[in-house]
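# Examination of the molecular architecture
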Amino acid sequence: MTDEEILRALYDETLVGNGPRVLELTEQGLDAGMAPETMLFEALIPSLEEVGARFERGDFFVPEMLIAGRAMAGALDRLRPLLAETGAQTVGTFLMSTVKGDVHDIGKNLVNIMLEGAGFHVIDLGVQVSPEKVVAGVLEHKPDIVGFSAFLTTTMPMFKANINALQKAGLRDQVIVMVGGAPVTQEYADAVGADGYAADASTAVRRAKELIATKRAAVGV
Ligand code: B1M
């Protein structure tokens, strides 16, 4: 198979949620010398975008979304060590979670991989994380940045609930807060009082580094 054929098949098999075939094709792509990023950004992510579009049109339902998501997650597990393999030194600690009420984690996991690849120490609290757990996580891990992902318009308000909980615990000034997820915008991030927002994983890494540099410059570290 040519590289184009592998990418096309990866896209098609992710779309129909054929996990075993997606893994096989990922392996085939790696054997052929394809970059993990190429498979990710030119096949896997576009395929999930199409899944979302079909769901919106009523052509796909939750089960289809679920198996496509699982197929993507399987490939991501295989690509994770390769994407994170930069050997960069630790630039900061990032405490990540998907907000309470939200089970989406593929986007969050991708941001984690990219952050790790850029040298961040990432602690992932998982999905459906309550403000209480966030506060406990900050106390335990003392991160530089706390990141919240939300993928539903109905769970986005949890950003504010989390930020309020950090404030109440006297921790808001000690951490940088970043938010992201499919429906989130810069305007929304500003409105809830987050320090940073990014639309995708690579921008998230750049923004996280900028925010840490700005904070360290301000406190003279
Ligand atoms: Co759901 N889902 N889902 N879903 N799902 C969406 C998000 C949706 C947009 C689909 C659609 O209608 N087009 C829609 C939300 C609509 C809205 O609120 N505006 C939706 C819905 C409605 C639902 C349910 C309510 C469906 C139902 O039950 N009726 C339900 C909710 C369950 C819940 O959470 N309580 C539900 C369930 C599911 C599954 C479980 C079946 C599955 C999730 C599997 C999983 O994650 N383990 C699923 C899936 C797979 C999707 C779609 C198809 C794909 C999401 C994805 O993984 N995208 C999605 C459609 C879509 O997004 N186009 C959809 C790929 C991923 C790489 O991109 O997640 O955007 P993304 O992450 C990006 C950026 O957002 C950013 O970087 C990431 C990487 O580039 N980013 C950050 C993410 N977090 C960040 C944090 C940062 C910075 C950047 O800083 C901290």
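Residues numbered from 1 in each chain as written. Predicted model: local features only at pLDDT ≥ 70, side-chain atom pairs only at ≥ 80, totals over all residues. Heavy atoms only, no water.

Per an unreviewed UniProt entry, the chain is named Cobalamin-binding protein, and its organism is Pseudonocardia adelaidensis.

Turning next to the pairing of strand β3 (residues 145-149). On a regular strand, each side chain points to the face opposite its neighbour's, so the side chains alternate between the two faces of the sheet. With five of five residues buried, β3 is to be regarded as a mostly interior element. Here β3 shows two buried faces, one formed by Ile145, Gly147 and Ser149 and the other by Val146 and Phe148. Bridging between strand β1 (residues 92-98) and β3 involves five bridges; their strand directions are parallel. Across the sheet, residue Leu95 finds its bridge partner in β3, namely Val146. Sheet topology places β3 next to strand β4 (residues 176-180); five bridges connect them, and they run parallel. Residue pairing across strands places Gly147 opposite Met178, the latter belonging to β4. The parallel pair β3 and β4 is bridged by helix α7 (residues 158-168), and the resulting crossover is right-handed. (Buried < 20%, exposed > 50% of the residue type's maximum accessible area, 1.4 Å probe, protein only. Helix = DSSP H or I, 4+ residues; strand = E, 2+ residues; numbered from the N terminus. Pairing = 2+ DSSP bridges. Right-handed = clockwise from strand over helix to strand, strands pointing away.)

This part is about the site of the ligand. Within the structure, the ligand sits among 33 residues, and Glu56, Val103, His104, Asp105 and Ser149 are positioned closest to it. The contact in question runs from an oxygen atom of the ligand to an N or O atom on the backbone of Val103, over 2.7 Å. Of the pockets mapped on this structure, the ligand occupies the largest pocket. Of all the elements in the fold, those that place two or more residues in the shell around the ligand are α3 (36-57), α4 (62-83), α5 (106-117), β3, β4 and α9 (201-219). (Near = heavy atom within 4 Å. Polar contact = N/O pair within 3.5 Å; in protein donor to acceptor, adjacent residues only side chain to side chain. 1 Å grid on protein atoms, 1.4 Å probe; cavity = no way out; pocket = protein on both sides within 12 Å on 5 of 7 lines; lining within 4 Å. Sits in = over half its atoms within 2 Å of the grid points.)

What follows is about the packing of α5 against α9. With their axes 9 Å apart at the nearest point, α5 and α9 run at an angle of 50° to one another. By the criterion of interaxial angle, the relationship of α5 to α9 is oblique. As α5 packs across α9, the resulting crossing turns out to be right-handed. Listed contacts from α9 to Leu110, Val111, Met114 and Leu115 of α5 are Ala201, Ala204, Val205 and Ala208. Split by residue class, the contact of α5 with α9 holds eight nonpolar, no polar and no charged. (Axes fitted to C-alpha atoms, helices over the stretch in contact; angles between N-to-C directions. Parallel < 35°, antiparallel > 145°, perpendicular 65-115°, else oblique. Left-handed = near helix turned anticlockwise from the far one by under 90°. Contact = heavy atoms within 4.5 Å. Nonpolar A, V, L, I, M, F, W, Y, C, P; charged D, E, K, R; others polar.)

Let us look at the coordination of the cobalt atom of the ligand. The protein supplies the cobalt atom of the ligand with one donor atom, His104 (NE2), which lies at 2.2 Å. Tracing the sequence through the fold places His104 in the loop between β1 and α5. (Donors = N, O, S within 2.8 Å, 3.2 Å for Na, K, Ca; no water.)

Here the focus is the environment of Asp144. Locating Asp144 in the fold gives a position in the loop between α6 (131-141) and β3. Asp144 gets classed as partly exposed once you look at its relative accessible area, which sits at 26%. Sequence separation of Asp144 and Arg8 is 136 residues, and the distance between their C-alpha atoms is 40 Å. Excluding residues that lie within four positions of it along the chain, Asp144 makes contacts with Gly92, Thr93, Val175, Ile176, Ile212 and Arg216. A polar contact is formed between the side chain of Asp144 and the backbone nitrogen of Thr93, at a distance of 2.7 Å.

In this section: the domain arrangement of the chain. Here the chain is described as being made up of domain 1 (3-86) and domain 2 (93-219). Distance from the C-alpha centre of domain 1 to the C-alpha centre of domain 2: 25 Å. Every contact between the two is made by 11 residues of domain 1 and, on the other side, eight residues of domain 2. Here domain 1 meets domain 2 over a buried area of about 880 Å², counting both sides, of which 76% is carbon and sulfur. (Domains from an automatic or database assignment. Buried area = accessible area lost by both parts, 1.4 Å probe.)

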